[in-house]
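Here's the letter readout for the chains.
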Amino acid sequence: MASKPIGSQGLIPVLDGWYGVLLILAGLILFMPMSFGQARPPLTLQNHSQDASDAFVVLKESKRTPPSAAELLSDILNDGTMEWKANQKSWGYSAATLWLYGSFFNPSDQTQERVLALPYASPTVADFFVFDQAGVLLKKVRAGTFAPLEERELKLNLIGIRLNLPPQERVHVLIRQHSNSLLDTHYSLRLVTDHQRLEWIYLAAYGLYFGLALALFFHNLSLYVSVRDNVYLAYLFFVLCLSSAMLFSSAYYSLFWYRTPVWLHNAPYATPAFSNIGAAAFFCQFLYLNPRTSWLARCLYALAGISLLSALGTFALPHVFMPWNPFLNTATVMLGMWGCIVKIAQKERYAWFLFIALLCPILSVSAYYLGNYLFRMTVPSDIMSLSFGLEMILMSAGLSHRIYVLRQRQYQWEVQQDALIHQSKMRALSEMASGMAHEINNPLMIIGGYADIIERLLGREPLDIQRIRENTRKISTSVDRIAYIVNALRSFAQPGSDLPVEKVSLYEMLQQALALYETQIRNNRIQLQMEIEGDSFQTYGVPSQLIQVISSLLDNAITAMRDVPRKVLRVHLMSRSVDSQRKVILMIQDSGPGIPRELQAKIFRPFFTTRPVGEGTGLSLSRARNLVKAFNGQLSYDANAEETRFILELPLIEGP
């Protein structure tokens, strides 16, 4: 006969035999701690601080309205038939109201004073009812976030009271707790001296945190003033938001919550959302994430926008927006860690600082919530404050290391750039060598010819003094020409980095630069058209560097006209008023093929060149622009001109 399928046997047959016995035993083990016959014996005072959580029992939840504290105590003391829950250190998230009962016995012959308190404030409201041995109410104290400061006995620790225990007597304590977050029953009975010491530790911890935040804020503010990197602004905003969240969660709840308008009560929940905005901006700046090219940056900025809406919405509709804030924070941190992993894979060491900084709050928050809500342990919230402080320190250290790396790379880049510029100069000098030899050889031949004439004139009687003077003047002119060419060549070859800024004539600088390229202009049959509106325009600069700037523009113009039939080089020197300031302007224009429109935005970039490989370094225009900027001037390309035109503008010095 076929057996009946197991799925149709129902639940009762499964309980037959050993399976049923095992299930019943498991049920007893699980549910046996949930009921107690009567209240626990009183906790006897000792000469040190004690854990009082085991002295309390928790009233079993009931649908009826809870009785008064006096009725509860009377029921407990008379028949002890009250039902109790198994006491726990922590009850997790709950909006229920708990009644706790405990009693304390003073065995000594003197009145003892103790502080009964939660190490960390979790309930929103806690009402303490203290009765003497006969059940007479001694005092009622309200504590918690919603309790006004003047009604609390403990100002710093929100949940707690002071107990005066008469000698050889028993004191009963009933506590009615209500919370909108964590329900905690891990009370301790401390000596007054121990409690005062804990208060000082509490103040010192928060003082250390905010002192550290203030020091890091001003330290990085000073770095921003010197470096002018926007990543420091993002860091400063993040520190402000994070410190505001810490301030709201501590001092605001303790001192000002019940005195502020209702709409401001949700500020502690909105400040983490604001810090999310600073964190997203900081991650993008710190990790060099560009929204145009990085999907990670776009996701971070999108989260920042959503966080802004959530932060503002928390004030108006807290129950709708408040639950989203932790998810937004988690998503932002996860994306930041992913960006760190990508940079670490690219061997960027500074990303390790941010990765570890983000790991600290993740571990602390996980330990807090898992410990309190899952494993029913009492994990202090100060562990999160400590991790946030460590996070700020690591981020600041990461910024310092990042600046160090940038300076190292900048130094290496400058060394390479100087080497390439030197090579470019040497190549330019080698190209000028034949022309320079010709330019110097001609005056030397003139000098030699006139020297022979003078020698013959000196052998004749009478001496022709007038003719000798004329020939001597021609020799002197040729010597000046050679000296002019040599000085121009020396100015072109000088580094100029340590030379002082002085008042110079831009016309003179132009003439020296043209002297270097005179042979190339003539050999390439280039028509030079010069329009000089004045030869006395003066500005501030380093002569050798200004000659290098003008030489770069002339060299580019001559090279561009190498293969065109019509070769015209136009040079225009003038002065104009630009933005209510007098400027001396030099325009150099050539009739070459021009620069394509798609390349015009790149011509001033380092290492960009349109010349064939091996003929150009791509540094002449970028370096020329940087040199002109150092003299408060501007070097630009005129995209509206019909031909290739570069414009050099420098401040004009008025007067002599």
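Scroll up to find the structure this text is about.
Residues numbered from 1 in each chain as written. Predicted model: local features only at pLDDT ≥ 70, side-chain atom pairs only at ≥ 80, totals over all residues. Heavy atoms only, no water.

Draft legend 1. Highlighting the overall build of the chain. Within the chain one finds 14 helices and 20 strands. For the chain, the proportion of its 656 residues judged to be buried stands at 44%. (Helix = DSSP H or I, 4+ residues; strand = E, 2+ residues; numbered from the N terminus. Buried < 20%, exposed > 50% of the residue type's maximum accessible area, 1.4 Å probe, protein only.)

Draft legend 2. Quick look at the pattern of salt bridges. Taken as a whole and assessed by the stated rule, the structure comprises 10 salt bridges. For Asp127, the salt bridge identified is with Arg176, shortest N-O distance 3.1 Å. Residue Asp127 is found in strand β8 (residues 125–131), and its partner Arg176 is found in strand β11 (residues 170–178); the two are separated by 49 residues along the sequence. For Asp127, a relative accessible area of 3% gives the class buried. Here Arg402 ties to Asp229 by a salt bridge, and the two come within 3.0 Å at their closest N and O atoms. Of this pair, Arg402 sits in helix α10 (residues 382–458) while Asp229 is found in the loop between α3 (192–227) and α4 (230–256), placing the two residues 173 residues apart along the sequence. Each of the two residues, Arg402 as well as Asp229, counts as buried. Each of Asp127, Arg142 and Arg176 takes part in a single network of salt bridges with overlapping partners. (Salt bridge = Lys/Arg side-chain N within 4 Å of Asp/Glu carboxyl O.)

Draft legend 3. Molecular detail of the packing of aromatic side chains. Applying the stated rule across the entire model yields 11 aromatic pairs. Between Trp99 and Phe129 the ring centres are 5.9 Å apart and the planes differ by 20°, which places this aromatic pair in the stacked class. With Trp99 in strand β6 (residues 97–105) and Phe129 in strand β8, this residue pair connects regions lying 30 residues apart in the sequence. Under the relative-accessibility criterion, Trp99 is labelled buried at 5%. The structure contains a cluster of three or more aromatic residues connected by ring pairs, namely Tyr235, Phe282, Phe283, Phe286, Tyr288 and Tyr350. (Phe/Tyr/Trp six-rings, centres within 6.5 Å; stacked < 30°, edge-to-face > 60°.)

Draft legend 4. Up close: the environment of Thr539. Within the secondary structure, Thr539 is located in strand β16 (residues 538–541). For the pair Thr539 and Lys503, spaced 36 residues apart in the sequence, the C-alpha separation amounts to 5.7 Å. Every residue in contact with Thr539, bar those within four places of it in the chain, is listed here: Glu502, Lys503, Val504, Val584, Leu650, Pro651 and Ile653. A polar contact is formed between the side chain of Thr539 and the backbone oxygen of Pro651, at a distance of 2.7 Å. (Contact = heavy atoms within 4.5 Å. Polar contact = N/O pair within 3.5 Å; in protein donor to acceptor, adjacent residues only side chain to side chain.)

Draft legend 5. Focus on unusual backbone geometry. One non-glycine residue, Lys347, adopts positive backbone phi at about 65°. Within the element layout of this structure, Lys347 appears in the loop between α8 (324–345) and α9 (350–374). With phi around 60°, Asn632 is a residue other than glycine that occupies positive phi space. Considering the arrangement of structural elements, one finds Asn632 in the loop between α14 (620–630) and β19 (634–637). Among the residues examined, Asn632 registers a relative accessible area of 61% and is labelled exposed.

Draft legend 6. Quick look at the packing of helix α5 (residues 267–286) against helix α6 (residues 295–316). Where α5 contacts α6, the axes come no closer than 8 Å and their chain directions differ by 165°. Between α5 and α6, the angle falls in the class roughly antiparallel. Of the two elements, α5 crosses α6, and the hand of that crossing is left-handed. The residues of α6 that touch α5, namely those facing Ala267, Tyr269, Ala270, Ala273, Phe274, Asn276, Ile277, Ala280, Ala281, Phe283 and Cys284, are Ala297, Leu300, Tyr301, Leu303, Ala304, Ser307, Leu308, Ala311, Leu312, Thr314 and Phe315. Taken together, the residues that form the contact of α5 with α6 break down as 19 nonpolar, three polar and no charged. (Axes fitted to C-alpha atoms, helices over the stretch in contact; angles between N-to-C directions. Parallel < 35°, antiparallel > 145°, perpendicular 65-115°, else oblique. Left-handed = near helix turned anticlockwise from the far one by under 90°. Nonpolar A, V, L, I, M, F, W, Y, C, P; charged D, E, K, R; others polar.)

Draft legend 7. Molecular detail of the sheet that holds strand β13 (residues 188–191). With antiparallel pairing, four strands are arranged side by side in an open sheet as β2-β13-β7-β10. Every other strand in the sheet has two partners, leaving β2 (50–51) and β10 (160–165) as the edge strands with one partner each. Relative to β13, strand β7 (residues 112–117) runs antiparallel, the two sharing four bridges. The partner of Leu116 across the bridge, within β13, is Leu189. Across the sheet, α3 touches β7, β10 and β13, and the angle it forms with β13 is around 95°. (Pairing = 2+ DSSP bridges.)

Draft legend 8. Representation of the sheet that holds strand β18 (residues 581–590) in the model. Spatially, β15-β17-β18-β20-β19 is the arrangement adopted by the five strands of the open sheet, whose pairing is mixed. Each edge of the open sheet carries a strand with a single partner, namely β15 (527–532) and β19. On average, each strand axis in the sheet is tilted by 15° relative to the strand beside it, whichever way the strands run. The pairing of β18 with strand β20 (residues 644–651) spans eight bridges and is antiparallel. From the neighbouring strand, Met587 faces β20, where its bridge partner is Ile647. Against the sheet, helix α12 (residues 506–523) touches β15, β17 (568–578), β18 and β20, its axis set at about 170° to β15. α14 contacts β19 and β20 of the sheet and is inclined by roughly 140° relative to β19.

Draft legend 9. Seen up close, the side chain of Ser591. Tracing the backbone through its elements, the reader meets Ser591 in the loop between β18 and α14. Ser591 gets classed as buried once you look at its relative accessible area, which sits at 10%. A polar contact is formed between the side chain of Ser591 and the backbone nitrogen of Val568, at a distance of 2.9 Å. Setting aside anything within four residues of it in sequence, one finds Ser591 in contact with Met561, Val564, Arg566, Lys567, Val568 and Glu643.

Draft legend 10. Representation of α5. Taking 1.5 Å per residue as the helical rise, α5 with its 20 residues ought to reach 28 Å, and the 28 Å between its terminal C-alpha atoms agrees with that figure. Across the 20 residues that make up α5, a large majority, 15, are buried. (Expected span 1.5 Å × (residues − 1).)

Draft legend 11. Geometry of helix α2 (residues 69–78). Residues of α2 that are buried include every one of Ala69, Leu72, Leu73 and Ile76, and no others. The buried side chains of α2 occupy one side of the element, clustering within an arc of 95° when seen end-on. (Arc of directions from axis to C-beta.)

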